[in-house]
Amino acid sequence: MQTDQFIEQLASELEPVQVLRSPALRALLWLAFVGVVTAALILRYAHMSSVLQRLAVPRVAVECVATALTAVTAIVAAFELSVPDRSPRWAWLPLPPFLLWLAASGLGCLRNGLSLRGPEGFLGDSPHCFMFITSASVPLAVGLFWMLRRARPIDPLPVAAIGTLGVAATAAFILEFFHPFDVTVIDLTWHLSAVGLVVLLGTAWRRPLLDASAGN
């Protein structure tokens with residue numbers, strides 16, 4: 001085959017490439033969709049009087065805001081990291097609000113102690129919090145990984161780790177509006193265990209979910 005014919009054949013088999021929107025815009029679209037759905041669920045099912053009463057406590061308000069910021073910054077960072085030319089330093093973006101989240105929760109633990117006990121026993125309702133965060137993270141992760149996958153990230157590990165942190169933080173933020181009691185050591189342990197499990201599973205399955213060759 002002549003060189004010109006070979007080039008012609010290759011050119012005839014080319015398919016147009018769809019240019020992705022910017023990472024920031026795609027992150028905003030995901031956050032906007034999740035925000036609308038979350039707001040609808042909160043307004044429909046949350047006891048707003050109890051929520052407002054809890055948020056009137058400055059430490060609880062800071063904890064709630066820090067959780068939301070952890071979710072937002074982690075999602076933005078995951079979309080940025082999915083693009084090859086972005087700096088790996090984006091992975092540090094969620095760290096400050098995450099530390100603030102831990103600090104605010106830790107102050108609550110100092111105030112409330114190990115456990116609030118109650119009719120559920122020593123663990124209280126904390127296992128339900130674990131189930132809520134892990135269960136709510138599943139549909140959130142499905143939508144997030146579907147959007148991240150389209151970028152075909154070259155290094156899926158940081159994308160999966162930071163993305164699942166954002167997903168778990170989003171679920172934890174939603175939980176704030178359905179949380180019947182203040183944080184305790186036991187409660188925080190269950191929360192962090194749920195977040196850790198979500199991140200662990202997301203990173204363990206990063207290749208089938210995000211690998212550039214997964215869709216080929």
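So, how was this worked out
Numbers given to residues run from 1 along each chain, matching the order in which its sequence is written. Local features in this predicted model are restricted to residues of pLDDT 70 or higher, and side-chain atom pairs are both shown and tallied only at a pLDDT of 80 or more, whereas totals for entire chains, interfaces and linings draw on every residue. With hydrogens and water stripped out, all remaining heavy atoms of the structure feed into the side-chain values. Helix and strand assignments follow DSSP, with helices taken as H or I runs no shorter than four residues and strands as E runs no shorter than two, numbered in order from the N terminus. Residue contacts follow a heavy-atom distance rule, with two residues in contact if any of their heavy atoms lie within 4.5 Å. Pairing of aromatic rings covers Phe, Tyr and Trp, the last counted by its six-membered ring, and requires centre-to-centre distances within 6.5 Å; plane angles under 30 degrees mean stacked, over 60 mean edge-to-face, and any other angle means tilted. Criterion for a charge above a ring: Lys NZ or Arg CZ within 6 Å of the ring centre, and within 35 degrees of the ring normal. Residues are called lining when one of their atoms sits within 4 Å of a cavity or pocket point, these points coming from a 1 Å grid over the protein atoms alone, where a cavity is a set in which a 1.4 Å probe fits but cannot get out and a pocket is an open set with protein on both sides within 12 Å along at least five of seven lines. Grid points are joined across faces, edges and corners, and a volume is the space filled by probe spheres set on the points. Gly falls in the polar group here, along with every residue not listed as nonpolar (Ala, Val, Leu, Ile, Met, Phe, Trp, Tyr, Cys, Pro) or charged (Asp, Glu, Lys, Arg). Among the buried residues, those of types Ala, Val, Leu, Ile, Met, Phe, Trp, Tyr and Cys that are joined through side-chain atoms within 4.5 Å form a nonpolar core. For every residue, the accessible area obtained with a 1.4 Å probe (protein chains only) is divided by the maximum for its type, and the residue is called buried under 20%, exposed over 50%, and partly exposed between those limits. Residues forming no salt bridge and having over 30% relative accessible area are the ones grouped into patches, like charges within 9 Å of each other and nonpolar side chains (Val, Leu, Ile, Met, Phe, Trp, Tyr) within 5 Å. Note that accessible areas follow from Shrake-Rupley with a 1.4 Å probe, and for residues the cover is restricted to the protein chains shown. What counts as a salt bridge is simple: a side-chain nitrogen of Lys or Arg found within 4 Å of a carboxyl oxygen of Asp or Glu. The axes used here are C-alpha line fits, helices contributing only the stretch in contact, and every angle between their N-to-C directions lies in the interval 0 to 180 degrees. Any angle that is under 35 degrees is reported as roughly parallel, and any over 145 degrees as roughly antiparallel; angles of 65 to 115 degrees are reported as roughly perpendicular and all others as oblique. Definitions for this section: a left-handed crossing has its near helix turned counterclockwise from the far helix by less than a right angle. A right-handed crossing has that turn clockwise. Each residue carries a pLDDT value, the predictor's own confidence for that position, ranging from 0 to 100.

**Overview of the overall build of the chain**
Point 1. In terms of helices and strands, the chain carries nine helices and zero strands.
Point 2. The order of helices and strands in the chain, counted from the N terminus, is α-α-α-α-α-α-α-α-α.
Point 3. Once local pairs closer than 6 in sequence are excluded, the contacts in the chain between residues at least 24 apart make up 85%.

**Focus: the packing of aromatic side chains**
Point 1. Scanning all chains against the criterion turns up four aromatic pairs.
Point 2. Lying over the aromatic face of tyrosine 45, arginine 44 brings its terminal NZ or CZ to 5.0 Å of the ring centre.
Point 3. Cation over ring: arginine 150 sits above tryptophan 146, and NZ or CZ is 5.9 Å from the ring centre.

**Examining unusual backbone geometry**
Point 1. For arginine 152, which is not glycine, the phi dihedral falls at a positive 50 degrees.
Point 2. Within the secondary structure, arginine 152 sits in the loop between helix 6 (126-149) and helix 7 (156-175).

**A short note on the layout of surface pockets**
Point 1. Roughly 270 Å³ of internal volume is contained in the largest pocket.
Point 2. Around the largest pocket, the lining comprises 13 residues; the ones closest to its centre are Ser137, Val138, Ala141, Leu201 and Trp205.
Point 3. Counting residues per element, the ones that place at least two in the lining of the largest pocket are helix 6 and helix 8 (185-204).
Point 4. The element that contributes the greatest number of residues to the lining of the largest pocket is helix 6, accounting for six residues.
Point 5. For the lining of the largest pocket, the class distribution of residues is nine nonpolar, four polar and no charged.
Point 6. The wall of the second largest pocket is formed by Trp30, Phe33, Val34, Val37, Thr38, Leu41, Ala136, Pro139, Leu140, Gly143, Met147 and Ile174.

**Quick word on the nonpolar core**
Point 1. If you look at the biggest cluster of nonpolar residues, it comprises 36 residues, and the most contacted ones within it are Trp30, Phe79, Leu144 and Leu148.
Point 2. Among residues more than four places away in sequence, those in contact with tryptophan 30 are Ile75, Phe79, Leu140, Gly143, Leu144, Met147 and Thr170.
Point 3. Within the second largest apolar cluster, five residues are counted, among which are Ile42, Val51, Cys64 and Phe177.

**Observations regarding a nonpolar patch on the surface**
Point 1. A cluster of nonpolar side chains, contributed by Phe33, Val37, Leu41, Tyr45 and Phe178, occupies part of the molecular surface with about 500 Å² of accessible area.
Point 2. Secondary-structure assignment places phenylalanine 33 in helix 2 (residues 23-45).
Point 3. A relative accessible area of 60% means that phenylalanine 33 is categorised as exposed.

**Observations concerning the packing of helix 6 against helix 7**
Two packed helices can be described by the angle between their axes and the distance between those axes.
Point 1. Between helix 6 and helix 7, the shortest axis-to-axis distance is 8 Å and the interhelical angle comes to 135 degrees. Taken together, the axis directions place helix 6 and helix 7 in an arrangement best described as oblique. As for the relative orientation of helix 6 and helix 7, their crossing is right-handed in sense. Contacts between helix 6 and helix 7 pair Cys129, Phe132, Ile133, Ala136, Ser137, Leu140, Ala141, Leu144, Phe145 and Leu148 from the former with Val159, Ala160, Gly163, Thr164, Val167, Ala168, Thr170, Ala171, Ala172, Ile174 and Leu175 from the latter.
Point 2. A class-by-class count of the residues in the contact of helix 6 with helix 7 yields 17 nonpolar, four polar and no charged.

**Focus on the confidence of the model for the chain**
Point 1. Per-residue pLDDT for the chain has a mean of 84; in total, 81% of the residues score no lower than 70.
Point 2. Model confidence for the chain, summarised as mean pLDDT per element, is weakest for helix 1 (residues 3-13) at 66 and strongest for helix 4 (residues 58-81) at 96.
Point 3. For the stretch residues 212-216, pLDDT sits under 50, and the model shows eight contacts to residues farther than four places along the chain or on other chains.

**Focus on the pattern of salt bridges**
Point 1. For the structure on display, the rule yields four salt bridges.
Point 2. Residues glutamate 80 and arginine 86 are paired through a salt bridge, measuring 2.6 Å at the closest nitrogen-oxygen approach.
Point 3. Residue glutamate 80 is classed as buried on the basis of its relative accessible area of 7%.
Point 4. Linking arginine 86 and aspartate 85 is a salt bridge whose minimum nitrogen-to-oxygen distance equals 2.8 Å.
Point 5. Of the residues examined, arginine 86 reaches a relative accessible area of 29% and is grouped as partly exposed.
Point 6. Beyond isolated ion pairs, a larger network of salt bridges with shared partners links Glu80, Asp85 and Arg86.

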